[in-house]
Amino acid sequence: MSAHFKKKSAGTKQEIPTASMPDIIFMLLIFFMVTTVLRETELLVNVSIPQAEAIEKIDQKRLIQYVYIGPEKLESGTGEPAVQIDDAIVRDLPQIRQAMYRALREEPRTIVSMRVDREVETGLLYDVQQELREAEALRVNYSTTREAE
Amino acid sequence: MPLLKKRNKRDAEIPSASMADIAFLLLIFFLVTTTINADKGIYMQLPPPLEDEVEPPEINQRNLLNVLVNADGQVLIDNEVTNIAAIRDIVKRHILNNGREPQFSTAPDKAVTSFKTKRGLSYERYIAVLDEIKSAYNEVRDEAARQEFGVTYGEYKARLDEDAEDEIAERFPLKISLAEPDPD
């Protein structure tokens, strides 16, 4: 009886061809190589960004100029809040204006993304924004993560 | 003739069996280091720099909703004490008032929300309040898009052609003014 249910097995070989495997891997590899952006700046300040609900995505990564604000990392723990642009800490605020002028000259559609630590007082943020306004870098994004629901 | 080298008769092929392994290793490296997600956050437009000659534009006091936050995170809206959770509703009422209540706006496209804080406020609270204001606008736009097109504002916007006018954004413009804090 049970023989009745036996499937006929084909006489041919049942192997998946693996010759194209390296090609597939290479394609994936190239995809990730192209999309990858290695962390280009080393953070010199501690930043833990807040959460929010009404957020938008910025698709054009190349337009973004980051400004980091947070307590400075020191060997003995953390210090006073400081501003970091690119890979250096900005000691006086007018330098921010210079940096923004430069960014805007290269890319007029620059969006300044503020990555600010949640504990920082807004007074410092306003001072930075005054500099951004002077440089006419008016497109600002307050970087946040999505609120967990 | 003696200058001719002896030819090795063995196969001179590079073994390619390990090619896939090498590719795999590289793949895993890039998989781990990759960050595809672009930045996200609350998008705002800063006011242009002040020029001395130019007077700030006159705004009917009705159309201006003043949101003030002090260093402890206490909220004052048009001189009335409220809390952060109530901001969204008040801003929505302000936008959609259409002249009904005397303390709120005369028309949605004229409504301005001014946001001003003390310098000592923590950034986390600042974002919490800004998030509520922005959410109020998003909800108003969402409701309008649902009523007229039966989709959310995000979907409506995605469907718009490149140069078509965004009717809803035009009717409910995002007029949030980030005011400078007074020096303490």
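Residues numbered from 1 in each chain as written. Chains lettered and ligands numbered in written order. Predicted model: local features only at pLDDT ≥ 70, side-chain atom pairs only at ≥ 80, totals over all residues. Heavy atoms only, no water.

Asker: Before we go on, may I ask you to explain the layout of surface pockets in this structure?
Answerer: By rolling a water-sized probe across the atoms, one finds the places where empty space is left. Each pocket or cavity is described by its volume, and for the largest pocket that value is around 1100 Å³. Secondary-structure elements contributing two or more residues to the lining of the largest pocket are strand 2 (56–57) and strand 7 (139–143) of chain A together with strand 1 (40–45), helix 3 (123–149) and helix 4 (153–159) of chain B. Among the elements that make up the lining of the largest pocket, the one with the highest residue count is helix 3 of chain B (six residues). Its residues assigned to classes, the lining of the largest pocket shows 11 nonpolar, six polar and 17 charged. (1 Å grid on protein atoms, 1.4 Å probe; cavity = no way out; pocket = protein on both sides within 12 Å on 5 of 7 lines; lining within 4 Å. Points joined across faces, edges and corners; volume = space filled by probe spheres on them. Helix = DSSP H or I, 4+ residues; strand = E, 2+ residues; numbered from the N terminus. Nonpolar A, V, L, I, M, F, W, Y, C, P; charged D, E, K, R; others polar.)

Asker: Sorry, what's going on with the pairing of strand 2 (residues 64–69) of chain B here?
Answerer: Each regular strand carries side chains that alternate between the two faces of the sheet. All names here are of chain B. Taken together, the six bridges between strand 2 and strand 5 (residues 112–117) define a ladder with parallel strand orientation. Residue Asn66 lies in a different strand from strand 5, and its bridge partner there is Ser114. By the bridge criterion, three bridges tie strand 2 to strand 3 (residues 75–77) in an arrangement that is antiparallel. Among the inter-strand pairings, Val67 is bridged to a residue of strand 3, identified as Ile77. Turn length for the strand 2-strand 3 hairpin, with the two strands adjacent in sequence and antiparallel, is five residues, and the turn residue Gly73 shows positive phi of about 85°. (Pairing = 2+ DSSP bridges.)

Asker: Which parts of the structure should I look at to understand unusual backbone geometry?
Answerer: Even without being glycine, Glu136 of chain A reaches a positive phi, approximately 60°. Tracing the backbone through its elements, the reader meets Glu136 of chain A in the loop between helix 3 (122–134) and strand 7. Phi is positive for Asn98 of chain B, close to 55°, though the residue is something other than glycine. Mapped onto the elements of the fold, Asn98 of chain B is located in the loop between helix 2 (87–95) and strand 5.

Asker: Where do I start with the interface of chain B and chain A in this structure?
Answerer: A common way to report how large an interface is uses the accessible area buried once the components associate. Taken together, the contact between chain B and chain A spans 46 residues of the former and 56 residues of the latter. Together chain B and chain A conceal approximately 4600 Å² of surface at their shared face, both sides included; 59% is due to carbon and sulfur atoms. Sorting the residues of chain B by area buried against chain A places Asp39, Leu46 and Tyr123 of chain B first, and these three jointly supply 18% of that buried surface. For the pair chain B and chain A, the number of links is four salt bridges. Glu124 of chain B is the salt-bridge partner of Arg118 of chain A, the closest N and O atoms lying 3.1 Å from each other. Of all elements in the fold, only helix 1 (19–33), strand 1 and helix 3 of chain B reach the threshold of two or more residues within the side of chain B that touches chain A. Its residues placed into classes, the side of chain B that touches chain A shows 26 nonpolar, 11 polar and nine charged. Alignment of strand 7 of chain A against strand 1 of chain B, held across five bridges, turns out to be antiparallel. (Contact = heavy atoms within 4.5 Å. Buried area = accessible area lost by both parts, 1.4 Å probe. Salt bridge = Lys/Arg side-chain N within 4 Å of Asp/Glu carboxyl O.)

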